[in-house]
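In case you want the letters, here they are:
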Amino acid sequence: MSAIELAGAEKSFGAVHAVRPTDLSVERGELFAILGPSGCGKTTMLRLIAGFEVPDGGTIRVGGADMAGGSCWVPPERRRIGMVFQDYALFPHLSVADNVRFGLREGRLRMPWRRRSTELTGAARSVLELVGLHHKAERFPHELSGGERQRVALARALAPEPEVVLLDEPFSSLDASLRAGLRREVELILREAETAAIFVTHDQEEALSLADRIAVMHEGSVVQVGTPQEIYYRPRDRWTAQFVGEVNLVQGVADPVGIATEIGFFDLAEPAGPGVVRVAIRPEQLELRPDEAGNATIDDREFRGHDVLYRLRHETGGVVLVQRPSVELYPVGTRVRVRPGRGAVAPLRD
Amino acid sequence: MSAARHAGERTGTGPATAAAAVVALVAGLPLLYVIVRAAGAGADTWGVLLDRRVPGLLATTLGLAAVVCSATLVLGAGLAWLTVRTDLPGRRVLAVLCALPLAIPPYVGAVIYADLLGPRGALQGVLEPLGVERLPSIFGFDGAAFVLILFTYPYVFLLASAGLAGLNPHYDEAVRALGGGPLLAARTAARLLLPALASGALLVGLYVLSDFGAVSLMRLDTFTTVIYAELGGRFDPPAAAALSSVLVVLTLAVLVGGLRLRGGGRYTQTGAGYARRTVRPLGRAKWPALTLVVLVLAATLGVPLVVLVGWTVESLGDQAIGDFGGWAANSLLVSGLSASVAVAVALPVAMAIARGSRFGRVLGALAQSGYALPGVIVALAAVAISTRFFSPLYGTLALLVIAFVVRFLPQAVQAEESGLAQIGGNLVDAARSLGASRRRAFAQVVLPLLRPSLVAAWIVVFLTAVKELPATLILRPIGFDTLPVRVWTPARDGLYAEAGPAALALVVLSALPLVVVLLSRRGTLLA
Amino acid sequence: MRRGALLLVAVLLAPAALSACGGSSADLVVYSGRNEALFKPILDDFAEASGLQVSVRFADTTDLAGTLLEEGGSPRADVFIGQDAGALARLGEKGRLAPYDGPALDQVPAELRSADGTWTGLSARVRVLIINTEELPEAERPESLFELTDPKWKGKVAAPNATNASWIGFISEMRLKRGEDETRAWLEGMKANGLAVLGSHTDVRNAVGSGEFQIGLVNHYYYELEQREGSPVAQVVTDQEPGGFGAVVNASSGGIVKGGPNPENAKKLMDFLLTTKAQEEFAGLNFEYPVVPGVPTEGLAPLESITGTGIELARLGPQVDKTLDLLREVGLES
C-alpha cells in the first residue's frame, strides 16, 4: 500500500489549469520530491494532497484510504498528513514544546489562557530529541534561529506520526551557506522517523541530493517521474533536460549501437532511431584536451572551485559545455579537442 | 488563489458569516431609516430646507471641516516630526504629552475656553484694568474652529508619528545623497507619509462633521445642532431626517474621498523596520521649537487641567458627591458594556471582511455605516424604530447601548480586521494539518493571537463611548445621567464652573487607558 | 472555548437584563420642562410632604412634549410640567392629558387654564426686556419690541434658544395678534440685526448682567433673579401704550398624563402645586406671579397693572407646530 496515491487528480482556478490530470504514487518511507519552476503547480499539488484544495477531478488516497474523489471528501484535519510550510508557521504564542504537542492528544486539551507547563513526555519528547532540540523545549519561536525553527516545524509535523510529511520549499528561507548541512540533517531525521515525505522545490540540486524519486512538473503536468539519476541522465524531453542542469542538446544519427554526433560517438542509454535523434549530453560526460588541431576553442570558462565549466565554440559553430575537474584548467582561447567521455546519453522524446 | 495571505482568509465560515449578516443588518438600520424617512419628507419640507437652511449649513460645516483639517494636519504632522525625527530635548516625554489631549473631549475644551476667553471670563478680567473693554467674541466659527483644532490634532499626530517612526530613514538619506535639499526630503517624506496623514485628516474631518457638543457650546449652527433642534418637539420629524440625509451624504463623500486619497489599502510597513533612526539636529531652532511645543501643550493640556481642577475644588462644597459618583458609574457602565458588546459583535464582521469575498465586503460596509452617521442621527433612528417596533426597548439602557454599538462598531471592526490581517495565513492551515478542526484552530491559534487587537478595540470603543454626548442626551433613561451630560447641561446655561467636576472626571477616565496604551511597547491605538 | 461562549452570551444578554431595570420604581414620574434649579426645590418639598418617591426628567419642554407624543398609548410619565401653556395646550388637543379637578382649580383665572380641565397654569410670567443699566441709560431704552429691528441695536440683543417653550409661546402670540407676515418680518429683521441665540434664559440673563449684551428677551423673573445677584440690570415691559401689542403673559403649566402609571399620585402633585404653600414658593423662590389669588408677591408690580396681549393661553396649543415652521423658515430654529 502506497503512502500517497493520486489518480487523475486535477485542479483549475478559473481559466488556469494549475494541475492537469495526474497519476502519482509515493511509497511508505520514501523521500519524494516534486521539482519545477515557480507557477508550475507544484504547491497546488501539495495542497491537494493536504486537503487545502478540492480537486476538480480524480481521486486522492492517503495511507490506502480515500480522501478525495467522487463524492468523498475528507478535510485536512482528518487526513493523516503533516505539513511543514515555507515560513514554518510556528505558533508564535506557544513554546516549542507546546507547538510540538499541538497535534497530539495532550495539545488538544490545552486552553489558550492556561499556562501550565507540563513535563515533556512521550511522542513530544522523542520527536524533539530526534531533531535535537529538546533542550530548547520551553523557548519560543522568536528566540530560535531559522534552522532551529525548521527543525521544530518538522518535529511538530512528525509528532502525530502521520502517513506522510509534506514540505513546501523547506529550505528556501535559509541562508545558502547553511542549506547543504541542514538538508543532510533533515534527511537523516526523516529517514530515522521512517515517514514518507513529499517536498516541493524549484532547486534541482536539492531535489537531486535529497530525493529517492523525483516528479518533474511543468505547467501543471508531471513530465517525468524517476530516480535522481534517471531524471538527470535520462531526461525525457528538452525542457526537463535543461531544467535539471546544464546540458548540451545535440542532434545525431542513431543506430542500434549508439549515436554519431559532431562531437563523436556516444552509447545510447535506450534504443532509439534509426535516423536523426536528439540527445541530452551532460557537460561532465565530455572530455577535452588541448590540441592545436582540435575541433573547438574555449570561448569562456567558469571556475567553480571543485570543477570548471568550459564554454567551447565547436568548429561546426555550435556551443558545447564541458565540465572537468578544476585541475584541468586551460586558458580561454585554447584550441582543444572535445570527445565523448564516460556514460551513455539519453535520447529525447521531443 | 492558493496560499492564504493572512489568517482572515481562512477563518470565515458559515456561522460566522451568518452572524456578520445579522450584525450588519442591525447596524445598517439607522442608515436605512434616514434614507426612507428623508425620501418621504415631502416636497414642501425639502423645498424650505434646501432653499433656506442647507446652503448656509453646508458652507459652515464644510468650511469648519476644511479649516480644522488643514490646521490639524500642520499642527499634528509638525509636532510628530519634531518629536520623532529631531533632537528636540525631552522629545520622548513630549511625544506622549502631545497625544494626551485626545482624552479631553472637544466640548470640554469648549467649556473651558468659552469661560476663559468669553466676555465674562478670566482673560477679560485680566485685560480690563489695562483698558481692554471687550474682547472679540470667542463664539461662532472662530471659537469652534479653535477648540476643535486644539483637541483633535492628536489624531493626526498619532498617525503621523507612527508613519514617521516606521518610515525607512534611509529614504531621507538617499534623497540627500542624491543631492536633494531638506525641502525635497521633507516633500518625499510627506508623500510617503500620505496614507498616514490622509487617515488622520479623514478622522478629523469625520469628527468635525459629527461633532455636536463643541459647536453647540460655541453657538455655531451646523447640521448636527440644527438636527438636534429639529428633534425638539416632534420626534421623527421629516425635517430632521431630511437634514440628516444631507449630512450622511456629506459624510460619505468625505469618507470615500478620504479613503481614495489614502490609497484604499492598509498602510503596511515595508523594509527593515528597526534601522537606527536618523535624527535631525535642530541647531538654533531648538529652543524656539521647544517653546512652540510647550505652548501647544499648555493650551491643550495645561490650561484645561488647571481650570478643571480649580472648578472642581470650587464646586466640591456645592455638589453632592453621591450624585457625582452615580454619574461616573453610569458612564463606566454604559461605556464598558458598549465596548464589550461591540468587540464581540465586531468579530464575525471582521472575519467576513478578512475573508475577502465581495459579500464580505458588502457586509463590512453596511456594518460600518455607523462611521457616516453622527450620534444625533443614530439616536433619531433608534427612537423612531424602537417606539414603532420594539416599544419595551424604548427609554432603556439597552437601547442606548445598542445605539453606541452601532455608532462605534466600525472602530472595533477595523482594529480586529487589521489584527486578523497580521496573523500569518499559514497558521490556520498548519493547525488543521495537525488535526485541529476549523473551530479549534480559531480558538487555540487565531483568538490568542488576536487578543491584543481585541483589547485595543475594547479600549478604543470605551474611550469614544465615554465621551459621547448627543445620542446620550436623546436616548438615556430617565435619571440616567452620564458625565458628558453633566458637563453639557450646566455649560449650556452658561454655568461653566458647575461643569468642572464632571469634566475633570471625564478627562481622567479617558486619560488612564490612553496613557496605558501610549506607554505600552506596541505603541499607537490607531494602528 | 466554552468559557468564551459563555462570556459572550453573558455580555450579549446583559443589555436585555438591564432593559428590565429600565422600568421606574418611583411612585411618581414627572416630565418637567421647567428649569431644574428653579423647580426641583418645589418637587423636593412635595416629596417630603407626601412621602412619595418622585422621579423627574428635566429637559426642554418641546423635547419632552415630543417624547410624550412619541410614547403614545403607554406613556412613562404621570405629570407633565411645561414652561409655557402652549405645550400643554397642544398635548391636551392631541388627547394626551387626563382631566384634572382639584380643590383650588376654580380659583385659577379662566384665561390661565384650559376650558376642559386638562391643564392649568401654575405660575404666571411676563415677557420683558432685561436691560443692562450701565450700558444703556434710561433715556435710550426701547419701549417696543418692534423697535429692536433698528440697526442701532445690532448685535446688542440676546434671546434664548428658539426651541425654548416660552419663546415659542411668545412668537405664537405675535403671530395671532399681528399676523404671519408681520411676525416673519420682525423675525427676519431680528436675525439680520444679529440676534444672539444663547442657550437658555439663565444664559441670557447672565450675559446681559455682565454687559455682554445690552438687551435680553426673557421672562420677568429672570430679571428679578439677576438683579438680586447684584448685576446692574433693569426691566422694561414693552408695548404698554393703548392699542399697542401688549406684554406677553404666559404661565408655566401642568397636567396629568393620560394613561400614566400612577394617576392618583399625579393628582396629589397637581393639588400640591396649587396650594398656597407651593404658590408662595413660586413667588418667593422664583419671583413668579402666583395663579391663585391672595398669595403675596414680593416687590413685583401687580399683574393687573400690566397690559397683556389679550390672547388666551388655550389658543396657543394649535399654534406650536406652525410657529416652529416659521422659525425654521427664517432660520432661527436652533
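Here the structure is a predicted model, which means the values were calculated and not measured.

**A look at the overall build of chain A**
When you go through chain A residue by residue, the secondary structure sums to 9 helices and 21 strands. Across its three principal directions, the C-alpha atoms of chain A cover 80 × 45 × 35 Å. Buried residues in chain A amount to 52% of all 350 residues. Excluding contacts between residues fewer than 6 apart, the proportion of contacts in chain A whose partners are at least 24 apart in sequence is 64%. Surface accessibility of chain A: about 15,500 Å² in total, with carbon and sulfur atoms responsible for 48%. The average position of the 43 basic charges and that of the 49 acidic charges among the side chains of chain A differ by 4 Å.

**Considering the overall build of chain C**
In terms of helices and strands, chain C carries 11 helices and 11 strands. Put simply, chain C has 334 residues, and 58% of those count as buried. Taking the intrachain contacts of chain C between residues at least 6 apart in sequence as the baseline, contacts between residues at least 24 apart amount to 77%. Looking at chain C as shown, the accessible area adds up to about 12,600 Å², and 52% of this sits on carbon and sulfur atoms. Counting 30 positive and 47 negative side-chain charges, chain C places the averaged centre of each group 7 Å from the other.

**A short note on the sheet that holds strand β18 (residues 307–314) of chain A**
Residue and element names in this part refer to chain A. The 5 strands lie next to each other as β16-β20-β17-β18-β19, forming an open sheet whose pairing is antiparallel. Only two strands of the sheet have a single partner each, and these edge strands are β16 (286–290) and β19 (319–325). Each neighbouring strand pair of the sheet contributes to a mean axis angle of 40°, computed without reference to strand direction. For β16 and strand β20 (residues 335–340), the ladder comprises 5 bridges, and the chain directions are antiparallel. Note that in β20 the partner of L286 across the bridge is P340.

**As for the interface of chain C and chain B**
On the chain B side, the residues contacting the 50 residues of chain C number 46 residues. In terms of surface lost to chain B, no three residues of chain C exceed E70, E212 and R328 of chain C, which account for 17% of the buried area on that side. Applying the counting rule to chain C against chain B returns 2 salt bridges. In this structure, the salt-bridge partner of R219 of chain B is E212 of chain C, at a minimum N-O distance of 3.7 Å. For the pair chain C and chain B, the number of links is 1 residue pair in polar contact (both at pLDDT 80 or more). Elements with a minimum of two residues in the side of chain C that touches chain B: α1 (2–20), β1 (28–32), β2 (54–58), α3 (61–71), α7 (201–209) and α11 (319–330) of chain C. Class assignment for the residues of the side of chain C that touches chain B results in 17 nonpolar, 17 polar and 16 charged.

**A look at a negative patch on the surface**
Residue and element names in this part refer to chain C. Negative charge collects at one region of the surface, where E143, E147, D150 and E241 lie side by side. Mapping E147 onto the fold places it in the loop between β5 (120–132) and β6 (157–159). Among the residues examined, E147 registers a relative accessible area of 31% and is labelled partly exposed.

**Here we look at the domain arrangement of chain C**
Residues and elements named next belong to chain C. One can read the domain layout of chain C as domain 1 (4–124 + 251–301) and domain 2 (125–248 + 319–330). On a C-alpha basis, the centres of domain 1 and domain 2 stand 27 Å from each other. On the domain 2 side, the residues contacting the 22 residues of domain 1 number 18 residues. Viewed at the interface, domain 2 and domain 1 are joined by 5 residue pairs in polar contact (both at pLDDT 80 or more). Only α3, α4 (85–93), β5, β10 (249–257) and α10 (276–286) provide two or more residues apiece to the side of domain 1 that touches domain 2.

**Focus on the pairing of strand β1 (residues 4–13) of chain A**
Residue and element names in this part refer to chain A. As defined by bridge partners, β1 adjoins strand β4 (residues 57–62) across 5 bridges and the pair is classed as antiparallel. Across the sheet, L6 pairs through a bridge with I60, a residue of β4. Strand direction decides the pairing type here: β1 and strand β2 (residues 16–26), joined by 6 bridges, are antiparallel. Counterpart to E5 in the pairing with β2 is S25.

**Quick look at the pairing of strand β12 (residues 248–254) of chain A**
All names here are of chain A. Direction of pairing for β12 relative to strand β15 (residues 275–281): antiparallel, over a ladder of 7 bridges. Directly across from N248, in β15, lies its bridge partner I281. Pairing of β12 with strand β13 (residues 258–260), which is carried by 2 bridges, proceeds in the antiparallel orientation. Within β13, the residue paired with V253 across the bridge is A260. The hairpin turn running from β12 into β13, its antiparallel successor, is 3 residues long.

**Here we look at the sheet that holds strand β10 (residues 213–218) of chain A**
All names here are of chain A. Read from one edge of the open sheet, 6 strands run β7-β8-β9-β3-β10-β11, paired in mixed fashion. Of all the strands in the sheet, just β7 (81–84) and β11 (221–226) have a single pairing partner and so form its edges. Strand-to-strand twist across the sheet, computed as the mean angle between neighbouring axes with direction ignored, equals 20°. Pairing analysis gives 4 bridges linking β7 to strand β8 (residues 164–168), with the strands arranged parallel.

About the criteria used
- Residues numbered from 1 in each chain as written.
- Chains lettered and ligands numbered in written order.
- Predicted model: local features only at pLDDT ≥ 70, side-chain atom pairs only at ≥ 80, totals over all residues.
- Heavy atoms only, no water.
- Helix = DSSP H or I, 4+ residues; strand = E, 2+ residues; numbered from the N terminus.
- Buried < 20%, exposed > 50% of the residue type's maximum accessible area, 1.4 Å probe, protein only.
- Contact = heavy atoms within 4.5 Å.
- Areas by Shrake-Rupley, 256 points an atom, 1.4 Å probe, with all protein chains shown as cover.
- Lys, Arg positive; Asp, Glu negative; His and termini not counted.
- Charge placed at Lys NZ, Arg CZ, Asp CG, Glu CD.
- Pairing = 2+ DSSP bridges.
- Axes fitted to C-alpha atoms, helices over the stretch in contact; angles between N-to-C directions.
- Buried area = accessible area lost by both parts, 1.4 Å probe.
- Salt bridge = Lys/Arg side-chain N within 4 Å of Asp/Glu carboxyl O.
- Polar contact = N/O pair within 3.5 Å; in protein donor to acceptor, adjacent residues only side chain to side chain.
- Nonpolar A, V, L, I, M, F, W, Y, C, P; charged D, E, K, R; others polar.
- Patch = residues over 30% accessible without salt bridge, like charges linked within 9 Å, V, L, I, M, F, W, Y side chains within 5 Å.
- Domains from an automatic or database assignment.

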